[in-house]
Amino acid sequence: MRLALPALLLASVSLAFPAFAADKPPADAKTPDAKTADASPGKDGAIKEGPASLLPADSVTHHRLTADGREIAYTAHAGTLLLRDEQGKPGAKVFYIAYMMDGAKPGTRPVSFFFNGGPGAGSAYLNLGAAGPKTLRFPADDPTDGANAKLVDNPDSWLPATDMVFIDAVGTGYSRPVDEENAAKAYYSVKKDAAAFAKVIQMWIGANGREASPHYLVGESYGGIRSIQVADALQEQQNLIVNGIVMISPAIEMGFLDSTDNPLGAALTLPSFIAAHLDETHQLTPAAIDAAYSYALGPYLTTIANARPQGDAAKRFYAEVAEKTGIPENVVAKEGAMLDPMAHDVRSRDGRLHGLYDFTQTIADPYPDGIDNSNSPEMTLSGFGRAYGNAFTGYVGNDLGFRTALTYDLLSMKVNGAWKYADEGPFPTRQIPVLRKLLALDPALHVFVANGYFDMACPFGTTRWTRDHIPVGADRIGIHLYPGGHMLYARPASRAALWHDVQGFYAAAAGTETH
């Protein structure tokens, strides 16, 4: 999720860590931030003090789920993995949950590794939101009411199609660094984070004998960036080529997410504003969305990229943008038509405050007369979305038998604030060149992208532009749009539609048909 660029990009969105087969301990290891990074509990790996010492022993439980029209027996592993530094000293305990369908053939059964983004987001979102055996259901009459959200069985779990391994990045969820002072240097950057994930994934695969399985990565929000980087690190450092990547509401290029004095960023955000207005006026169709994108990358971008219009030309242009977006003309004029989705005057209307992560959702505006943007609350990050943390704590403790006194760190601003987006210098690490390389090197690699129409944090226009400018393999990138925002799966109908499409993605990769 995004608070202020570069800020918390939920998603996107969920992490949790791989389970080890009870009868097969992992091999010993070294560092999470080097290409040879390794990890192991080891005989001398006990953590005697600090938050990491409060994490309990692993738990293995057995369950049944009705999904995809059938009953599925599965085993859940919840536990921790010890990452070591270059000298073999404990570096971090990483929390994981793995769900594996009982009786499946490991050689052909896909396994998917899930992670959220932020950076700083824990695993609860994708686990309890989209793909896990349980889902958090919000009241139908007010989906912003987190106090009355209920945990229920998930009929749209991805378990019929794939085993699932959810991972909490170090410093998020229940994952804790052993040495807090050096955690940022060791883990909180684009490349070091990817190297750590790659090694952990490789270890889980080896410990569970899943080398022959099809392997997938699933990332939400900043998890889009993470999925590209982890796929690259797996290939370069761990000799593992993934079969596919699923991105939900992804951030891919950070520069596209800032519309401030950035004509292309503003143009790629505009279709989401238009989509929200089309939904409000019951005119949302694929054809209307295509027209919105064409307008944004055509007349709109041409106008804002040139000298600011004046006189009657300005009035006509601002009136046109106002009509297409539903945002008052005086606000459009004040913003110079380059609409900042975090600006209070853009979000506030008629005493209601529109959501950054779903512009069709509103809450009562606590400052209807106006306020500094930084004090304008966001309902997803600060409101109903927090319910995922409490629900996850209860679920892991009561259903999965993993109980700890630690507070589940759903959104770590400490990790987010310490994150380094650049390898060297001031510029963020770019992802499109890495994605281009992966698609060229790996002709079997397919990418599934899911976007919510009304997501202003990671607008769907940014992924469409990216796909349209990939010279090799663009036909292997599928973009799927759903009613909803950043957490599109919070809407039951969109969660079901996502599962249907993802099921088809896995089936196509396996050369089978969905039923």
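First, a word on scope: everything that follows refers to the structure included in this document. The structure displayed is predicted, hence computed values, not measured ones.

**Digging into the overall build of the protein**
Looking only at helices and strands, one finds 15 helices and 15 strands in the protein. By residue count, 60% of the 515 residues in the protein fall in the buried class. Looking at the protein as shown, the accessible area adds up to about 19800 Å², and 52% of this sits on carbon and sulfur atoms.

**Quick word on the pairing of strand 14 (residues 446-452)**
Within a regular strand, the side chains alternate between the two sheet faces. Among the 7 residues that make up strand 14, 6 are buried, leaving the element largely enclosed by the rest of the structure. Summarising the sheet, strand 10 (residues 244-248) and strand 14 pair through 5 bridges and their orientation is parallel. Looking at strand 14, one finds that Val-246 is bridged to Phe-448. Bridging between strand 14 and strand 15 (residues 477-482) involves 6 bridges; their strand directions are parallel. Of the residues in strand 15, the one forming a bridge with Ala-450 is His-480. With helix 14 (residues 460-468) bridging strand 14 and its parallel neighbour strand 15, the resulting β-α-β unit is right-handed.

**Examining the side chain of Asn-154**
By secondary structure assignment, the location of Asn-154 is in the loop between strand 6 (150-153) and strand 7 (163-167). Residue Asn-154 is classed as buried on the basis of its relative accessible area of 0%. What Asn-154 contacts, discounting residues up to four positions off in sequence, is Leu-65, Thr-66, Ala-67, Ala-130, Ala-131, Gly-132, Pro-133, Lys-134, Thr-135 and Arg-495.

**Side note on the packing of helix 4 (residues 222-238) against helix 13 (residues 432-441)**
Running from N to C, helix 4 and helix 13 cross one another at 50 degrees; their axes reach a closest spacing of 10 Å. As the angle between them shows, helix 4 and helix 13 are arranged oblique. Here helix 4 and helix 13 pass one another in a crossing that is left-handed. Seen from helix 4, the contacting residues are Ile-228, Gln-229, Ala-231, Asp-232, Gln-235 and Glu-236; seen from helix 13, they are Val-434, Leu-435, Lys-437, Leu-438 and Leu-441. The class makeup of the residues in the contact of helix 4 with helix 13 is 6 nonpolar, 2 polar and 3 charged.

**A few points about the packing of helix 1 (residues 124-131) against helix 11 (residues 387-399)**
Where helix 1 meets helix 11, the closest approach of the two axes is 9 Å, and the angle between their N-to-C directions is 85 degrees. Compared by their axis directions, helix 1 and helix 11 come out roughly perpendicular. Two secondary-structure elements touch here, helix 1 through Ala-124, Tyr-125, Asn-127, Leu-128 and Gly-129 and helix 11 through Tyr-388, Ala-391, Phe-392 and Tyr-395. When the residues that make up the contact of helix 1 with helix 11 are grouped by side-chain class, the tally is 7 nonpolar, 2 polar and no charged.

**As for the sheet that holds strand 11 (residues 348-349)**
Judged by pairing direction, the sheet is antiparallel, and its 3 strands sit side by side in the order 11-12-13 without closing on themselves. In this open sheet, the two edge strands, each paired with only one partner strand, are strand 11 and strand 13 (362-364). Pairing of strand 11 with strand 12 (residues 352-354), which is carried by 2 bridges, proceeds in the antiparallel orientation. Directly across from Ser-348, in strand 12, lies its bridge partner Leu-353.

**Comments concerning empty space enclosed by the protein**
Empty space within the largest cavity amounts to approximately 110 Å³. Every residue lining the largest cavity is counted, 14 residues in all, and those nearest its centre are Ala-169, Val-170, Asp-193, Ala-196 and Phe-197. A per-element tally of the lining of the largest cavity places helix 3 (residues 190-207) first, with 4 residues. Of the residues contributing to the lining of the largest cavity, the split by class is 12 nonpolar, no polar and 2 charged.

**Details of the nonpolar core**
Counting 95 residues, the largest nonpolar core has Tyr-99, Trp-158, Ile-248, Tyr-300, Val-321, Tyr-388 and Leu-498 as the members making the most contacts within it. Top element by residues in this core is helix 5 (residues 263-280). It accounts for 8 residues.

**Regarding the packing of aromatic side chains**
If you walk through the whole model with that rule in mind, you get 29 aromatic pairs. Judged by centre distance (5.0 Å) and plane angle (85 degrees), the ring pair of Tyr-174 and Tyr-408 falls under edge-to-face. Separated by 234 residues along the polypeptide, Tyr-174 in the loop between strand 7 and strand 8 (176-177) and Tyr-408 in the loop between helix 11 and helix 12 (413-418) bring together distant segments of the chain. Members of the aromatic cluster, joined through ring pairs, are Tyr-74, Tyr-99, Phe-114, Trp-158 and Phe-166. Sitting over the ring of Tyr-295, Lys-324 keeps its end group 4.6 Å from the ring centre. Cation over ring: Arg-464 sits above Tyr-293, and NZ or CZ is 4.2 Å from the ring centre.

**Structural notes on the environment of Ile-72**
Checked against the element boundaries, Ile-72 lands in strand 2 (residues 70-84). Under the relative-accessibility criterion, Ile-72 is labelled buried at 2%. It is 9.9 Å that separates the C-alpha atoms of Ile-72 and Gly-103, two residues lying 31 residues apart in sequence. Excluding residues within four positions of it along the chain, Ile-72 makes contact with His-63, Arg-64, Leu-65, Ala-67, Met-101, Leu-159 and Pro-160.

**Brief notes about helix 4**
The end-to-end C-alpha distance of helix 4 is 22 Å, a good match for the 24 Å that 17 residues give at a rise of 1.5 Å each. Across the 17 residues of helix 4, 15 count as buried, placing the element largely inside the fold. Just beyond helix 4, the residue with positive phi is Asn-239, at close to 60 degrees.

Conventions and cut-offs
- For every chain, the first residue of the written sequence is number 1, and numbering continues from 1 along that sequence.
- Reporting in this predicted model follows two pLDDT cut-offs: at least 70 for local features of residues, and 80 or more for side-chain atom pairs to be given and counted; totals over whole chains, interfaces and linings ignore these cut-offs and use all residues.
- Side-chain numbers here rest on the full set of heavy atoms in the structure, without hydrogens or water.
- We count a stretch as a helix when DSSP gives it H or I for four or more residues in a row; a strand needs E for two or more, and each element gets its number in order from the N terminus.
- Relative accessible area decides the class of each residue, using a 1.4 Å probe on protein chains only: under 20% of the type maximum gives buried, over 50% gives exposed, and in between gives partly exposed.
- All accessible areas in this document rest on Shrake-Rupley with a 1.4 Å probe, and a residue is counted as covered only by the protein chains that are shown.
- Between any two strands, at least two bridges found by DSSP are needed for them to pair.
- By convention a crossover is right-handed if, when the strands point away from the viewer, the path from the first strand over the helix to the second runs clockwise.
- Any pair of residues with heavy atoms lying within 4.5 Å of one another is described as a contacting pair.
- Axes here refer to lines fitted to C-alpha atoms; in helices the fit is confined to the stretch in contact. Angles between the N-to-C directions go from 0 to 180 degrees.
- Throughout this description, any angle smaller than 35 degrees is read as roughly parallel, any larger than 145 degrees as roughly antiparallel, any in the 65 to 115 degree range as roughly perpendicular, and the remainder as oblique.
- Left-handed describes a crossing whose near helix is turned anticlockwise from the far helix by less than a right angle; the clockwise case is right-handed.
- Three residue categories are used. Nonpolar comprises Ala, Val, Leu, Ile, Met, Phe, Trp, Tyr, Cys and Pro, charged comprises Asp, Glu, Lys and Arg, and polar comprises the others, including Gly.
- Detection works on a 1 Å grid of protein atoms alone, calling trapped sets that fit a 1.4 Å probe cavities and calling open sets with protein on both sides within 12 Å along at least five of seven lines pockets, with lining residues defined by an atom within 4 Å of a point.
- Grid points are joined across faces, edges and corners, and a volume is the space filled by probe spheres set on the points.
- Residues belong to one nonpolar core when they are buried, are Ala, Val, Leu, Ile, Met, Phe, Trp, Tyr or Cys, and are joined through side-chain atoms within 4.5 Å.
- Stacked, tilted and edge-to-face pairs are distinguished by plane angle, under 30 degrees for stacked and over 60 for edge-to-face with tilted covering the rest, among Phe, Tyr and Trp rings (Trp via its six-membered ring) whose centres lie within 6.5 Å.
- A ring is scored as having a charge over it whenever the NZ atom of a lysine or the CZ atom of an arginine sits within 6 Å of its centre and within 35 degrees of its normal.
- By this rule the span expected of a helix is its residue count minus one, scaled by 1.5 Å.

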